[in-house]
Amino acid sequence: MAEEMQINPQRAKQLVENLTHITQRIQSANKRSEPIRLIAVSKLKPATDILALHQPPLQHAHFGENYVQELLQKASLLPRSIRWHFIGALQSNKCKMLAEQIPNLWCVSSVDSVKKADALEKGRAAFVARLAAEHTIGEPAKSADSGEGRDAVVEAVLRIMVQVNTSGEESKSGVEPSDALALCEHIRTSCPHLQLTGLMTIGAIARSQATTPGNENEDFVTLKNTRDQIVKELGMLGGELELSMGMSADFEGAIAMGSDEVRVGSDIFGERPPKKDTMVVEKG
Ligand SMILES: *Cc1c(COP(=O)(O)O)cnc(C)c1O
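### Some words on the environment of P56
The residue P56 is located in the loop between α2 (47-54) and β2 (62-65) in this model. Look at P56 and you get exposed, because its relative accessible area is 57%.

Printed below as a string of C-alpha cells:
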C-alpha cells in the first residue's frame with residue numbers, strides 16, 4: 001500500500017524541484033489565459049517517484065504511462081486521486097482490460113483505430129455496469145483540471161484522444177491526418193461511454209530540433225490544422241477538441257503552436273532505464 005512505500009527524501013526533493021521548474025517554463029511559454037495541463041510521464045519509473053509528486057507539497061494529479069501491465073500495477077498501489085493517462089502504443093487485445101479495470105483512468109490518448117475504440121467502449125460499458133450494480137457511481141468532476149480536487153471521483157465516461165501520425169514515420173503509431181475525422185466521428189456517434197476530448201501527436205524529433213522562432217514544427221501545424229477541420233466538420237465548439245503535443249525536447253514550441261496539454265517525462269524523472277530493468281516497487 002501507498003502508506004508503506006518508502007520515499008527517498010533526496011529523490012523526492014529533486015523531483016519536486018524538476019516539476020516546479022517545468023511548470024514555470026510552461027507558464028512563461030503560455031501566452032493564453034487557459035492553463036496548460038502537464039502530464040508527468042512516469043513510464044518505467046518506480047511508484048515512489050509518482051507518490052513523491054502526488055503527495056504535498058505539489059499534489060500533482062496527472063501522470064502518463066505507456067504499458068498496460070505497468071499501469072495496472074501502479075494504479076493498484078497508488079492513490080485513487082491520481083488521474084492516469086494511457087499514452088503508449090495501444091494493443092487491441094488490451095483495450096478492454098485497460099478501460100474496465102482502472103477506475104481512475106482519466107484519458108486514453110493513443111487511440112488510432114475503430115477496433116481499439118470499440119474495445120475501449122466495451123470495457124468502459126462493463127465498468128459502468130459493474131459500478132451501477134454496486135451503486136458507487138459518482139458525479140463527474142466539475143473542475144476537471146484544477147488539480148485541486150483530492151477526492152477520488154469515479155467517472156463513468158472515459159476521455160479519449162485520437163493519436164495522429166503527423167510525421168509520416170512508420171515507427172510512429174497514429175492515424176493518417178486524413179483518416180482522423182472518420183475515427184473521431186465514429187467515437188462520437190458509436191461509443192457512448194467514451195468522450196472524444198482531443199488529438200495527440202508525437203511528431204518528429206528532428207523537426208523539433210530544427211525549430212526556431214518563426215520556423216514552426218510542421219507536425220504541430222499539421223495537428224492544429226487537422227483539429228480545426230474536424231471541429232468544423234463535426235460542428236464542435238472551439239476549445240472542445242484539445243491538442244496534446246509537446247514532450248521534454250519540444251514542449252515550449254508546442255505551446256507556442258497552441259498545445260493544451262504537454263507530456264513531459266525525462267525532464268522531470270531523468271533518463272529511463274531499459275524496459276527489462278523496470279521495477280514498479282523498488283527492492284531494498
Ligand atoms: C515517453 C513519452 C513522452 C515523454 O517523453 P520525454 O521525452 O521523456 O519527455 C511523451 N509522450 C509519449 C507518447 C511518450 O511515449
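### As for the packing of helix α1 (residues 9-29) against α2
One way to put it is that α1 packs onto α2 with a least axis distance of 9 Å and a crossing angle of 60 degrees. Taken together, α1 and α2 sit at an angle that is classed as oblique. Regarding α1 and α2, the two cross each other, and that crossing is right-handed. From α1, R11, A12, L15, V16 and L19 reach across to α2, where they touch D49, A52 and L53. For the contact of α1 with α2, a count of residues per class yields six nonpolar, no polar and two charged.

### Considering helix α8 (residues 218-233)
Helix length check: α8 (16 residues) gives 22 Å between terminal C-alpha atoms against 22 Å at 1.5 Å per residue, within 8%. The N-capping residue of α8, defined by a side-chain oxygen 2.8 Å from the backbone nitrogen of D219, is N217. Just past α8, the residue G235 takes up positive phi, approximately 60 degrees.

### Focus on the pairing of β2
A regular strand places its side chains so that they alternate between the two faces of the sheet. Residue alternation in β2 divides its side chains into two sets, H62 and G64 and F63 and E65, and both sets are buried. The sheet contact formed by strand β1 (residues 37-41) and β2 spans two bridges and is parallel. By the bridge assignment for β2, V41 is matched with G64. Between the parallel elements β1 and β2, the chain passes through α2 in a crossover that is right-handed.

### Examining unusual backbone geometry
Residue P57 is bonded to the preceding P56 through a cis peptide linkage, with omega at 10 degrees. Within the element layout of this structure, P57 appears in the loop between α2 and β2. Of note in the backbone geometry, Q59 takes a positive phi value of approximately 50 degrees without being a glycine. In this fold, Q59 is placed in the loop between α2 and β2. The class of Q59 is partly exposed, set by a relative accessible area of 31%.

Conventions used here
Residues numbered from 1 in each chain as written. Predicted model: local features only at pLDDT ≥ 70, side-chain atom pairs only at ≥ 80, totals over all residues. Heavy atoms only, no water. Helix = DSSP H or I, 4+ residues; strand = E, 2+ residues; numbered from the N terminus. Buried < 20%, exposed > 50% of the residue type's maximum accessible area, 1.4 Å probe, protein only. Axes fitted to C-alpha atoms, helices over the stretch in contact; angles between N-to-C directions. Parallel < 35°, antiparallel > 145°, perpendicular 65-115°, else oblique. Left-handed = near helix turned anticlockwise from the far one by under 90°. Contact = heavy atoms within 4.5 Å. Nonpolar A, V, L, I, M, F, W, Y, C, P; charged D, E, K, R; others polar. Expected span 1.5 Å × (residues − 1). Polar contact = N/O pair within 3.5 Å; in protein donor to acceptor, adjacent residues only side chain to side chain. Pairing = 2+ DSSP bridges. Right-handed = clockwise from strand over helix to strand, strands pointing away.

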